[in-house]
Amino acid sequence: MVERKFSIKRLVELYDEMLSVPHRTEIARELRDEDDLFLLLVYSDMLGIPNPAFYYTLELYPYIIEKFHDWHLRMGMEKSPLDGIRCC
Amino acid sequence: MSGIWLALAGMIVFFLGYRYYSKFVAEKIYKLDASYKTPAHQMEDGVDFVPTNKFVLWGHHFTSVAGAAPIVGPAIAVYWGWLPALLWVLLGTVFAAGVHDFGTLVLSVRNKGQSVGTLAHKLIGQRAKILFLFIILLLVLMVNAVFAWVIANLFISYPASVVSVFIQIPLAIWIGYTVYKRKGTMLLPSLAALATMYAAAVLASYVPVLQIDLVSYFGGEGASTPFGLNATSMAFLVWIVILMVYVYIASTLPVWKLLQPRDYINSHQLVVGLLLLYAGLLVTNPEVTAPVTNTTAETSWFPLLFITIACGAISGFHGLVSSGTSSKQLNKETDARFVGYFGAVGEGALALVAIIAVVTFFPTTGDFTNTYSSFTESSAAGLGVFIEGAAQLATGLGMPAQVASTIVSVIIVSFAATTLDSSVRLMRYIIAELGSEYNIKPITKMHVATTIAVVSSAALTLIPEGPRGFGSGGYLLWPLFGTSNQLLAGISLMLISIWLKRQGRNFLPAFLPMVFLLTMTLWAMINQVVFEWSGVGEAEASWLLFTFGAIILVFAIWILITAISTLSGKGNKDMDMSA
C-alpha cells in the first residue's frame, strides 16, 4: 500500500472507504459466487453438461483461465482437475 | 461545575492513555513488529484477507463496536453519581478495554487471523468454544428482543421520528441499486439521503399528520383493542411485528441491496451525533447537577457498576470484532495499536459524552434524584433521559427543542436498528454453524435459520410477563447481558495472558484487568444466580434467569479452572505460539 500525500480529496476517499469496508467482504463473496457460476457455465461441456454455446464460450478461455486457477486452489485442489486445462 | 471540565478531564486521560500506556504495551508487552507479515498479506484473497489502511480500519472497527450500548450503560450507571461512572469509563478504557481490544487483535494476527472463539477452543478445549457460542447466541437473542422493544418504545414516545426512519429504507434500496449498477461511490447519494431524512424529521416535528402515533390511532392510552390489549400494548404489538418482518427481509437480502447503503447512511449519523453533542456541550457549557456520588443508594454499586457499564469501559463483544474481521485486514502489525487501542478510546469518548448529557440534563440535583430514585427506576429511565439531555445540548446550537429531540431519537433508532439487523444476521449464521457442526442439515438453510432467529426473538419479546409491560420480554434475560459480555472479555484477557506468559513476557497488563474483571463478574453472577434468582433469598425466584445464569456460571468456573492450569503450565499447549 502506497502512502499518499494528504489532501481533502484523499480525506473524503478515506471516509468513503471507511464506511464501505464493513460490507466489502460480503459483497466480494457474492460477486465471486456469481463469477463461479459463470465459470461453471463456460466449462460445463468439459464437466459433461451439454452446452450449445460451447464454441462461443471457447473464446473466453484465455480470459478466465486465471480465475479457474484461483477457483481450484480455493476449492482445495492443488492441481487443475480438468485434463484439458493445464493452468499449473 | 461545568460539564466541559468532565469532558476535558476525560480527554486528557484518554490522551495520556493512548500516548504513553498504549505505547508501552505496544513496544514492551506485545512487541509489535512492523516487518511481520500479517494474515492480510500472508493469505490475501481479495475477500476476507485484504490489507487495509489503518485509518479506514479504525473507522470500520469503531463503527462496528459503537452502537446504543455505550450510551445505555452509562445513562443507567449515573444512578451511583457521576464520579463512579466516569472513573470506570476512563480507567476501564485505558487499562482494560484498550489492552483487551488491542490484545485480541494482536493475538489473532499472530495466529493466522483466527477468532478468539477458535483460539479458546485450541487453548482451553471444546467446552470453551461451546460457552462462546452459547453466550453469543444468548447475547444476540437478548439484543434482538430488547432492541425491538427500544425501537417500538421510541416510535411510540417520539411519533415524529417514524417517517424519517422509514423513509430511509426506500432511499437505501435506491442508493444500493444505483451504486451497484453504476459502480460509483455512495458518499454523495448517502449525504443527500441523510439530508432528506432530517428534513422529514423537521417537517414531522411541526406537522401532526406526519407523526405516526399508533396509540392515538387505536383510540388513546386507555382504549381497549382486539385481543384484550390496551392501545399502548397494541401499538407495541404492531411495531414489533413490523420490525420482525423488516429484519427478516433485511437479513436475508443480499447486503448491497439494503444493509450496506443503510449502514453507510447511519455511519454519518454517528459522526453527526458525536459532533452535535460535543459542539452543543462547548456552546451551552451546562452545569453538572447530578451528585458526585449517591450516598443513599439502596442498590450497592459494588460490583454492579462494572457490569452495568460494559461497552464504553470494556466489552467482550469488541474482541469478537477485533479477532473476527479487523485482524484479517490489518496491513502492518504496528497498526494494531491505532486500530485496537484507539478504537477503544473512541468508544470511551462516546460513553463519556453520554454520561455528560445525562448528568447535566436536570435543572437541580433534586430533579435528578427524583428520576434516579432507585436502580430499577434508573434502568427504565436511562435512555429517555439521555435523549432529552442530548436534545438539550443540541438546542444550544440553535435547534428548536422538538426538532432536537426528534433528530436525537432518529439517531438512536438508527443505531438500534443497525444493531438489530446485524444481530439477527449473526444469529442466523450461528444457528447455521451449529447445524453444520452437529449435522442438522435443515437449519443450515438460510430461510430456516432466519425463521428460527426471528421467531425465537419475537417470542421472547412478546412473553406476557415482560417487566416493562407488553413487548418487553427481552428484559427478562437482560440482567445476563452485562455479565455474559464481561465474561467474554475476561476469557479473552486470559487468552492474551497465557499467550504473553508463553512468550516469556510480562503478562501483568492483561492479567491484572482480567483478575479484576472476572472477580467482579463472577461475584455479581453468584450474587444474582444464588441469592436473587433461585428464590433462596428474599427475592422471588426467576427460573428463566436462574437456568441460563447457572449454565453460564458453571461453564465459566469450569473454564477458569482449566485456564488456571493452562496458565500455570500444566494444560493444553496446542496453540500456535509463534512470536
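Residues numbered from 1 in each chain as written. Chains lettered and ligands numbered in written order. Predicted model: local features only at pLDDT ≥ 70, side-chain atom pairs only at ≥ 80, totals over all residues. Heavy atoms only, no water.

(A) Highlighting unusual backbone geometry. Residues and elements named next belong to chain B. A cis amide bond links Phe302 to the next residue, Pro303, at an omega of 0°. Secondary-structure assignment places Pro303 in the loop between helix H12 (259–284) and helix H13 (305–308). The residue Asn285 is not glycine, and still its phi comes out positive at about 45°. For Asn285, a relative accessible area of 40% translates into the label partly exposed. Even without being a glycine, Asn439 presents a positive backbone phi close to 60°. Mapped onto the fold, Asn439 is located in the loop between helix H18 (401–437) and helix H19 (446–461). (Helix = DSSP H or I, 4+ residues; strand = E, 2+ residues; numbered from the N terminus. Buried < 20%, exposed > 50% of the residue type's maximum accessible area, 1.4 Å probe, protein only.)

(B) Representation of the pattern of salt bridges. Taken as a whole and judged by the stated rule, the model has 9 salt bridges over all chains. Between Glu26(A) and Arg425(B) there is a salt bridge, with its nearest N and O atoms 3.2 Å apart. Here the residue Glu26(A) occupies a position in helix H1 (residues 8–43), and Arg425(B) occupies one in helix H18, the pair thus bridging two chains. The exposure class of Glu26(A) is partly exposed, given its relative accessible area of 22%. Through salt bridges that share partners, Arg262(B), Asp263(B) and Asp421(B) make up one connected network. (Salt bridge = Lys/Arg side-chain N within 4 Å of Asp/Glu carboxyl O.)

(C) Region of interest: the environment of Thr334(B). With respect to the helices and strands, the residue Thr334(B) is situated in the loop between helix H14 (316–329) and helix H15 (336–359). Residue Thr334(B) is classed as partly exposed on the basis of its relative accessible area of 34%.

(D) Highlighting a nonpolar patch on the surface. Residues and elements named next belong to chain A. Residues Leu37, Phe38, Leu40, Leu41, Leu47, Ile49, Leu60 and Tyr63 make up a contiguous nonpolar surface patch of roughly 810 Å² in combined accessible area. Broken down by element, the residue count for the nonpolar patch peaks at 4 residues, all from H1. Looking at the element boundaries, Leu47 is found in the loop between H1 and helix H2 (54–57). (Patch = residues over 30% accessible without salt bridge, like charges linked within 9 Å, V, L, I, M, F, W, Y side chains within 5 Å. Areas by Shrake-Rupley, 256 points an atom, 1.4 Å probe, with all protein chains shown as cover.)

(E) Here's a closer look at the nonpolar core. Counting residues in hydrophobic clusters, the biggest one holds 208 residues, and the most contacted among them are Tyr30(B), Phe102(B), Phe386(B) and Leu480(B). Looking at this core, the element that brings in the most residues is helix H7 (residues 126–157) of chain B, giving 23 residues. In contact with Phe102(B), not counting residues within four places along its chain, are Ser22(B), Val25(B), Ala26(B), Tyr30(B), Leu32(B), Ala97(B), Ala336(B), Arg337(B), Gly340(B) and Tyr341(B). With 9 residues, the next largest nonpolar core counts Leu39(A), Val42(A), Tyr61(A) and Ile64(A) among its residues. (Core = buried A, V, L, I, M, F, W, Y, C linked by side-chain atoms within 4.5 Å. Contact = heavy atoms within 4.5 Å.)

(F) Spotlight on H18(B). Residue and element names in this part refer to chain B. Between its terminal C-alpha atoms H18 stretches 53 Å, which fits the 54 Å expected from 37 residues at 1.5 Å a residue. H18 sits mainly inside the fold: 27 of its 37 residues count as buried. Of the residues one or two after H18, Asn439 is the one with positive phi, at around 60°. (Expected span 1.5 Å × (residues − 1).)

(G) Looking closely at the confidence of the model for chain B. Residue and element names in this part refer to chain B. Summing up the model confidence of chain B, the mean pLDDT is 88 and the portion of residues at 70 or higher is 98%. Scored below 50 in pLDDT, residues 575–579 makes 16 contacts in the model with residues more than four places away or belonging to other chains. Here the complex is predicted with pTM 0.85, and the ipTM for its interfaces comes to 0.74. (pLDDT = per-residue confidence, 0-100.)

(H) Structural context of the interface of chain B and chain A. Residue-level contacts link 30 residues of chain B with 23 residues of chain A. Interface of chain B and chain A: buried area, both sides summed, is about 2,400 Å²; carbon and sulfur atoms make up 60% of it. Of all residues in chain B, Val47(B), Val56(B) and Gln260(B) bury the most surface against chain A, accounting for 23% of the area lost on that side. Our count for the chain B to chain A interface comes out at 2 salt bridges. Among the ionic pairs, Asp48(B) bridges to Arg29(A), the shortest N-O distance being 2.7 Å. (Buried area = accessible area lost by both parts, 1.4 Å probe.)

(I) Seen up close, the packing of aromatic side chains. Residue and element names in this part refer to chain B. Scanning all chains against the criterion turns up 36 aromatic pairs over all chains. Each ring, one from Trp80 and one from Phe375, has its centre 5.2 Å from the other, and the planes form 25°; the classification is stacked. One end of the pair, Trp80, is in the loop between helix H4 (69–77) and helix H5 (82–109); the other, Phe375, is in helix H17 (residues 375–395), and 295 residues separate them in sequence. Residue Trp80 is classed as buried on the basis of its relative accessible area, which comes to 3%. Consider the rings of Phe302 and Phe306, whose centres lie 6.3 Å apart with planes at 85°: the pair is edge-to-face. (Phe/Tyr/Trp six-rings, centres within 6.5 Å; stacked < 30°, edge-to-face > 60°.)

(J) Quick peek at the side chain of Ser414(B). All names here are of chain B. Tracing the backbone through its elements, the reader meets Ser414 in helix H18. Relative accessible area serves as the criterion here: at 2%, Ser414 is assigned to the buried category. A distance of 2.9 Å separates the side chain of Ser414 from the side chain of Gln269, its partner in a polar contact. Leaving out residues up to four positions away in the same chain, Ser414 has contacts with Asn266 and Gln269. (Polar contact = N/O pair within 3.5 Å; in protein donor to acceptor, adjacent residues only side chain to side chain.)

(K) The arrangement of the layout of surface pockets in detail. If you add up the space inside the second largest pocket, you get close to 470 Å³. Leu11(A), Tyr15(A), Met18(A), Phe55(B) and Trp58(B) are the residues nearest the centre of the second largest pocket, which is lined by 20 residues in total. Mapped onto the lining of the second largest pocket, the elements with two or more residues apiece are H1 of chain A together with helix H3 (54–65) and H12 of chain B. It is H1(A) that provides the largest number of residues to the lining of the second largest pocket, a total of 7 residues. When its residues are assigned to classes, the lining of the second largest pocket shows 13 nonpolar, 4 polar and 3 charged. (1 Å grid on protein atoms, 1.4 Å probe; cavity = no way out; pocket = protein on both sides within 12 Å on 5 of 7 lines; lining within 4 Å. Points joined across faces, edges and corners; volume = space filled by probe spheres on them. Nonpolar A, V, L, I, M, F, W, Y, C, P; charged D, E, K, R; others polar.)

(L) View of helix H22 (residues 543–567) of chain B. Residues and elements named next belong to chain B. Taking 1.5 Å of rise per residue, 25 residues should cover 36 Å, and H22 covers 35 Å from first to last C-alpha, within 8% of that figure. Taken as a whole, H22 has its buried residues at Leu545, Gly549, Ile552, Leu553, Phe555, Ala556, Ile559, Thr562, Ala563, Thr566 and Leu567. The elements touched by buried residues of H22 are helix H6 (116–123), H7, helix H20 (479–502) and helix H21 (508–533). Gly569, located one to two residues past H22, shows a positive phi value of around 95°.

(M) A look at empty space enclosed by the protein. Residue and element names in this part refer to chain B. By the definition in use, this model includes 4 cavities of 30 Å³ or more. The computed volume of the largest cavity comes to approximately 140 Å³. Val165, Ile169, Leu243, Tyr246 and Ala417 are, among the 14 residues lining the largest cavity, the residues nearest its centre. Among the residues forming the lining of the largest cavity, the class breakdown is 11 nonpolar, 2 polar and 1 charged. There is about 110 Å³ of room inside the second largest cavity. Along its surface, the second largest cavity is lined by 13 residues, and Gly273, Leu274, Leu277, Phe386 and Ile411 are the ones closest to its centre. Elements with a contribution of two residues or more to the lining of the second largest cavity: H12, H17 and H18. A total of 5 residues in the lining of the second largest cavity trace back to one element, the largest contributor, which is H12. Here the residues of the lining of the second largest cavity are counted per class, giving 12 nonpolar, 1 polar and no charged.

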